[in-house]
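Close look at the chain arrangement
Here is how the chains run, residue by residue.
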Amino acid sequence: MLQKDISGQAHAPVRVRELLAHRIADGLGVPPAALFRGQFRLCDAPLSPIEGWCSLALGARYLHACPDLRQYRILDLDGRLAGVVLGVALDPDAGPGGAPLASVTQLDCRLDAPDMADRVEALIARLVGRFIALCCVPGAARAYTDAAGDMGLLHDPGTGILGSSLPVILAREVEELPDFNHRAVLDGLGGYTLGYTRDRRVERLLPNHRLDLATMRATRFWPREDSLAAHEGIGIDAAAGAIIARLAQNVAGFQAIAPCLMPISGGQDSRILLGAAREHHARMAGFFGWHMHRQSRRDTATGARIAERLGLDYTIIARIEATIDEVAAFYARTGQLATGTAFGKARRYRTDRSQCSFTTKIFSIRWNMTSFCSKTTFTAYTHADGRTIT
């Protein structure tokens, strides 16, 4: 059976079951592609090690990724590949309404131009969403993550391999980083910061940094020289107005990609988002609040009152304990790093399946004019009737 890659070419798949991901999946009795859904690996091997993943040549390296990840290509003037974005991305400069990034973006510059890498980086820097980006310009092979590092990008400087999690990077067991209580991190009682991971050799790319794939060294690239110039001297009222407009634009952009849920609690973040996006309430798939503990019970009570006053239907999603198998699968898939949040916290519960069940997509909205790490998250769920909402 032939397996198509991202570029549409076909090849005969070769199953080299050497990754930690294979051993973990075999132990749980789950196909690796199902357990590590929504993840990717960048290496020098041309064929995907995980059955069902797509592959794409990026210079001297190959990108292998879950086909559920949205893929966007960046081309040069002659149609040659200059970069790729995986995940969910909006381009605020593409037009009114916060348009989703086009599946193919062509830059008016040739691949060998001296400023081509800078042009690709400028495009990546203005994107909004949850994604990783790769630049494959000759002499400037680089990797980026979104402004909040929400999707997560790990790299092993020793092997030059990148990926979403330790199991899809490593062909060995995890060598635990000393001086960390890793169990506490998995239980949500601590976190990995400063680019650390559970493994002593593998690092995490921090937001606003680029990874040079030739040296495997990360350097800060944002803010760029042009990032803040347009906002110098702006007053408080004008700044607030621009932030509100950008928030509303981003909400509209995400709604153009998939139906969306909006969280409402008594907190400031959700109230600001709710107010900024008031013109888009009618297109929301629903409004919800988490009831996980004593404080969140108060939050959902406040959220329900706010929703009632605004005439919005409001759903409270309650916590129930996960089964042993669900906990094991969660730890295997994300608990090696608990990737996806700035502090790497994991949780040992799930939502009530009579209401919805977790998937792996989390969209972040940058709620300022530039690329700071403040964010509000939208999470995708699948309802019992089969509808998927975000």
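Quantities reported herein were computed from a predicted structural model and do not represent experimental measurements. (Residues numbered from 1 in each chain as written. Predicted model: local features only at pLDDT ≥ 70, side-chain atom pairs only at ≥ 80, totals over all residues. Heavy atoms only, no water.)

**Looking at the pattern of salt bridges**
Using the following cut-off: One speaks of a salt bridge when a side-chain nitrogen belonging to Lys or Arg is within 4 Å of a carboxyl oxygen belonging to Asp or Glu. Only protein chains enter the calculation, and the probe is 1.4 Å; a residue is then buried if its accessible area is under 20% of its type maximum, exposed if over 50%, and partly exposed in between.
Applying the stated criterion across every chain, the model contains 17 salt bridges. Across the salt bridge formed by arginine 172 and glutamate 175, the nearest N and O atoms sit 4.0 Å from each other. Taking the relative accessible area as the measure of exposure, arginine 172 reaches 22% and is therefore partly exposed. Among the ionic contacts, a cluster of salt bridges with common partners joins Asp118, Glu121, Arg142, Arg210 and Arg224.

**Digging into unusual backbone geometry**
Selection criterion: Helical segments are the DSSP runs of H or I of at least four residues, strand segments are the runs of E of at least two, and each set is numbered from the N terminus.
For the bond running from tryptophan 222 to proline 223, omega is 10 degrees, close enough to zero to count as cis. Here proline 223 is to be found in the loop between β15 (217–220) and α6 (236–257). The residue aspartate 179 is not glycine, and still its phi comes out positive at about 70 degrees. Mapped onto the elements, aspartate 179 comes out in the loop between α4 (166–169) and α5 (182–186). Backbone geometry at methionine 216 places phi at a positive 60 degrees, although glycine is not the residue there. For methionine 216, the position within the fold is in the loop between β14 (209–212) and β15. Residue methionine 216 is classed as buried on the basis of its relative accessible area, which comes to 9%.

**Considering the sheet that holds strand β13 (residues 203–204)**
Put simply, the rule is: Strand pairing requires that DSSP identify at least two bridges connecting the strands.
What the six strands build is an open sheet, ordered β4-β5-β3-β12-β11-β13; its pairing is antiparallel. Taken across any chain shown, the strands that pair with only one partner, and hence form the sheet edges, are β4 (54–58) and β13. In terms of strand pairing, β4 meets strand β5 (residues 61–65) through five bridges, oriented antiparallel. Of the residues in β5, the one forming a bridge with leucine 58 is arginine 61.

**Description of the sheet that holds β14**
In any sheet, the strands associate via hydrogen bonds between backbone groups, in a parallel or an antiparallel arrangement. Let me state the cut-off plainly: What counts as an axis is a line fitted to C-alpha atoms, over the stretch in contact for a helix, and the angles between N-to-C directions run from 0 to 180 degrees. By definition, residues are in contact when any of their heavy atoms lie within 4.5 Å.
Spatially, β8-β6-β7-β9-β10-β14-β15 is the arrangement adopted by the seven strands of the open sheet, whose pairing is mixed. Strands at the two margins of the open sheet, each flanked by one partner only, are β8 (104–106) and β15. When strand polarity is set aside, the average angle formed by the axes of neighbouring strands in this sheet is 20 degrees. Helix α3 (residues 116–126) contacts β6 (71–75), β7 (81–90), β8, β9 (128–137), β10 (140–145) and β14 of the sheet and is inclined by roughly 170 degrees relative to β9. Of the strands in this sheet, β7 and β9 are in contact with α6, which crosses β7 at around 100 degrees.

**A few points about α6**
Which entries qualify depends on this criterion: Here the expected span of a helix is defined as 1.5 Å times the quantity of residues minus one.
The terminal C-alpha atoms of α6 lie 32 Å apart, and with 22 residues this matches the ideal 32 Å at 1.5 Å per residue to within 8%. For α6, the complete set of buried residues consists of Ala239, Arg246, Leu247, Ala248, Gln249, Asn250, Val251, Ala252, Gly253, Phe254, Gln255 and Ile257.

**Some remarks on the pairing of β9**
Extensive coverage of β9 is indicated by the burial of 10 of its 10 residues. Inspection of the sheet shows β7 paired to β9 by eight bridges, in the antiparallel sense. Bridge pairing in β9 places glycine 83 opposite cysteine 135. Across six bridges, the pairing between β9 and β10 is antiparallel.

**Examining the nonpolar core**
Where we set the bar: In these notes, a set of buried Ala, Val, Leu, Ile, Met, Phe, Trp, Tyr and Cys residues joined through side-chain atoms within 4.5 Å is what counts as a nonpolar core.
The biggest cluster of nonpolar side chains holds 24 residues, and the ones touching the most others in it are Val85, Val120 and Val137. Of all the elements in the fold, those that place two or more residues in this core are β6, β7, α3, β9 and β10. No other element matches α3, which puts six residues into this core. Residues contacting valine 85, with those up to four places away along its chain left out, are Arg70, Gln71, Tyr72, Ile74, Leu101, Leu127, Phe131, Ile132 and Ala133.

**A few points about the environment of proline 100**
Structurally, the position occupied by proline 100 is in the loop between β7 and β8. A relative accessible area of 32% places proline 100 in the partly exposed class. Along the primary structure proline 100 and asparagine 250 are separated by 150 residues, whereas in three dimensions their C-alpha atoms are 9.3 Å apart. With sequence-adjacent residues up to four places away left out, proline 100 is seen in contact with Ala89, Leu90, Asp91, Gly253, Ala256 and Ile257.

**Regarding the packing of aromatic side chains**
Selection criterion: Centres within 6.5 Å make a pair out of two Phe, Tyr or Trp rings, where for Trp the six-membered ring is used; the pair is then stacked when the planes are under 30 degrees apart, edge-to-face when over 60, and tilted otherwise.
Throughout the structure, instances matching the rule amount to five aromatic pairs. Measuring from ring centre to ring centre gives 5.5 Å for phenylalanine 288 and tryptophan 290, while their planes differ by 90 degrees; the resulting arrangement is edge-to-face. You can call phenylalanine 288 buried: its relative accessible area is 5%. In this structure tryptophan 290 comes out as partly exposed when scored by relative accessible area, which is 25%.

**Details of the pairing of β5**
Sheet topology note: the strand β3 (residues 40–43)/β5 ladder contains four bridges and is antiparallel. Within β5, the residue paired with phenylalanine 40 across the bridge is alanine 65. Between β4 and β5, which follow one another and run antiparallel, lie two residues, and glycine 59 among them has a positive phi close to 65 degrees.

**Focus: the packing of α6 against helix α7 (residues 268–276)**
Definition in use: Working definition: roughly parallel below 35 degrees, roughly antiparallel above 145 degrees, roughly perpendicular at 65 to 115 degrees, and oblique for all remaining angles. Classification convention: Asp, Glu, Lys, Arg as charged; Ala, Val, Leu, Ile, Met, Phe, Trp, Tyr, Cys, Pro as nonpolar; all other residues, Gly among them, as polar.
Here α6 crosses α7 at 80 degrees, and the two axes come no closer than 8 Å. With respect to each other, α6 and α7 are oriented roughly perpendicular. On α7, the residues that touch Ile244, Leu247, Ala248 and Val251 of α6 are Ile272, Leu273 and Ala276. Broken down by class, the residue content of the contact of α6 with α7 amounts to seven nonpolar, no polar and no charged.

**So, the side chain of serine 55**
The condition that has to hold: In the analysis that follows, any N or O atom pair within 3.5 Å is treated as a polar contact, provided that within protein one partner can donate a hydrogen and the other can accept it, and provided that, for residues neighboring in sequence, both atoms belong to side chains.
Inspection of the secondary structure puts serine 55 in strand β4. Polar contacts involving the side chain of serine 55 include one to the side chain of histidine 64, which spans 2.8 Å.

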